[in-house]
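Results of the structural survey
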Amino acid sequence: MNTSTATSRGAAMWALLSLAIGAFGIGMTEFVSMGLLPQIAGDLLPTVYATSPEEAVAQAGVLISLYALGVVVGAPTIAAFVSRYPRHRVLIALALALLLFNALTVVMPTFELVGLARFLSGLPHGAYFGMAAVAAADLFGAEKRGRAISIVMSGLMIANVVGVPGGTLLGQNLGWRAAYVIVAAVFLLALLMIAFFVPAQPGDAGRTVRHELGIFRIPQVWLTVAIGAIGFGAFFAVYSYVATLVTEVAGADEWVVPIALVAIGLGMTIGNLLGGVLADKSVRRTLVWGLAAIAASSAILALLAHTTVPLIIGLFVFATISSTATPTVQLRLLDVARDHQAIGAALNHSALNIGNSLGAALGGMVIAVGWGYVAPVWVGVALSLVGVGIALFAFGAERRSDARNCRDLAAREFSPEDTGTSPIPTH
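Residues numbered from 1 in each chain as written. Predicted model: local features only at pLDDT ≥ 70, side-chain atom pairs only at ≥ 80, totals over all residues. Heavy atoms only, no water.

1. Considerations on the overall build of the protein
Of the regular secondary structure elements, the protein holds 21 helices and zero strands. Here the protein holds 427 residues, and 56% of them are scored as buried. Considering only residue pairs separated by 6 or more positions, the protein has 83% of its internal contacts joining residues 24 or more positions apart. Put simply, the protein shows about 17,900 Å² of open surface, and 68% of that area lies on carbon and sulfur atoms. (Helix = DSSP H or I, 4+ residues; strand = E, 2+ residues; numbered from the N terminus. Buried < 20%, exposed > 50% of the residue type's maximum accessible area, 1.4 Å probe, protein only. Contact = heavy atoms within 4.5 Å. Areas by Shrake-Rupley, 256 points an atom, 1.4 Å probe, with all protein chains shown as cover.)

2. Side note on the packing of helix H5 (residues 62-82) against helix H7 (residues 111-122)
The geometry of H5 relative to H7 is characterised by a closest axis approach of 6 Å and an angle of 30° between their N-to-C directions. For the pair H5 and H7, the sense of crossing is right-handed. Within the contact between the two elements, H5 uses Val62, Leu63, Leu66, Tyr67, Leu69, Gly70, Val71 and Val73 and H7 uses Phe111, Val114, Gly115, Arg118, Phe119, Ser121 and Gly122. Residues of the contact of H5 with H7, tallied by class, amount to ten nonpolar, four polar and one charged. (Axes fitted to C-alpha atoms, helices over the stretch in contact; angles between N-to-C directions. Left-handed = near helix turned anticlockwise from the far one by under 90°. Nonpolar A, V, L, I, M, F, W, Y, C, P; charged D, E, K, R; others polar.)

3. Thoughts on the side chain of Ser322
The residue Ser322 is located in helix H17 (residues 308-322) in this model. Once you skip the residues sitting within four places of it in the chain, Ser322 turns out to touch Phe232, Phe235 and Ile294.

4. Section: the packing of aromatic side chains
For the coordinates displayed, the defined rule picks out eleven aromatic pairs. Their ring planes at 80° and their centres at 5.2 Å tell us that Phe235 and Phe236 sit as a pair that is edge-to-face. The burial state of Phe235 is the same as that of Phe236; both residues are buried. When the ring of Phe235 is compared with that of Tyr239, the centres are 5.1 Å apart and the planes differ by 65°; the resulting orientation is edge-to-face. Of the two residues, Phe235 and Tyr239 both sit in helix H13 (residues 233-239), four residues apart, roughly one turn of that helix. Overall, Phe235 belongs to the buried group, its relative accessible area being 1%. (Phe/Tyr/Trp six-rings, centres within 6.5 Å; stacked < 30°, edge-to-face > 60°.)

5. Structural notes on the confidence of the model for the protein
Averaged over every residue, the pLDDT of the protein is 84; the share at 70 or more is 88%. Here residues 1-6 is modelled with pLDDT under 50, and outside its nearest four sequence neighbours on either side it reaches 13 contacts, counting other chains as well. (pLDDT = per-residue confidence, 0-100.)

6. A closer look at the nonpolar core
Core analysis: the largest hydrophobic core is formed by 131 residues, its most contacted members being Leu19, Leu91, Tyr128, Phe235 and Tyr239. Top contributing element to this core by residue count: helix H10 (residues 176-197), with eleven residues. Contacts of Tyr128, omitting those with residues within four sequence positions, involve Ser18, Leu19, Gly22, Ala23, Ile26, Leu91, Leu94, Leu98 and Ile194. (Core = buried A, V, L, I, M, F, W, Y, C linked by side-chain atoms within 4.5 Å.)

7. Focus: the pattern of salt bridges
Oppositely charged side chains can pair when the atoms bearing their charge come close. This model, assessed by the stated rule, comprises three salt bridges. Between Asp43 and Arg177 there is a salt bridge whose closest N-O contact spans 3.8 Å. One end of the pair, Asp43, is in helix H2 (residues 37-44); the other, Arg177, is in helix H10, with 134 residues separating them in the sequence. One salt bridge in this structure joins Arg284 and Glu398, with 2.4 Å as the shortest N-O distance. Note that Arg284 is positioned in helix H16 (residues 283-304) and Glu398 in helix H20 (residues 375-413), a separation of 114 residues in sequence. Under the relative-accessibility criterion, Glu398 is labelled buried at 16%. Members of the salt-bridge network, linked through shared partners, are Arg284, Arg332 and Glu398. (Salt bridge = Lys/Arg side-chain N within 4 Å of Asp/Glu carboxyl O.)

Quick look at the structure:
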């Protein structure tokens, strides 16, 4: 294994482990709310909850949307500003921000202030992953960068298998704030380990904010963000309300919710790996057929939702299929980002968290109007089908652009000025 000349294999692995712990904390803070919405609603919105639990849970879903909004805002802006600074210092600062903002979630007394804390907690999310990916790739060298990045991202996957179900179980028994105490402790550990084990790495002093933000002049970047946001929004429309889907629709006890979350986490882990393999073969086909499969699995899940065991199996299958989009959207963004690779990597998290916000908001809306707790699953069907349409439009536009470029190139190569010949008379 070839690591950088200044970093031994063992030291590089410790650095990657440190970054993966931060990724674990991010995965936990992003998703643990979804299993605790009834508890959060009952604590922060007691009057509304006493009158209408459905309306209170729908309002509590706004906290998920606020975190996602923080990611959307923070990922490109922070990534653009920090790319020129030494990476290990930036990572320490981002880990410190994640620690402080999640600690605010624990202590804020009202729904509005908790919402502010959730928004602030989301701001460093995308920049952390973008900077961690660049740092990890540098540690292992260009030929091993995929493996290094996958080690860092494994923290996010493990969070969905262990951290989110464990935090949900803890929050159900000790109060929802207890889950965020654990989140803050994870970020404290990540901060200390990054400070000790991630070696000094220079930034790119030549990068400017203006240059980095030039990525937004590329139409295919916008279309790819839309594919990820709307298509993957289907996943969050379901995941955001999984607790009520299990307890209210299937009629299971609260202790079944962590089991459902483990099923989703395992599906996400498998789907992420499967999506990487399929995307290496064809990004376009994986996106189009993957989004179509999300629609189909969502519809089947809606039909299975009233029985506990089929519901959990359906959630596993649904999460597996949905998570193939994560690496595929990432690769698509890197393909179309040109020389804006760092901010392109961060934009992947913006896209997925727009989907998080959109799915949670639309799911809460259909619950609030009285369509029931299965209604968000049907929202997922609609969102994924819209994602298919955007993907087909984007790829069609790209093919037409490529064809025009080929014709223009051929015309220049065989023009009279280039060949020295006279045009052939047409009469």
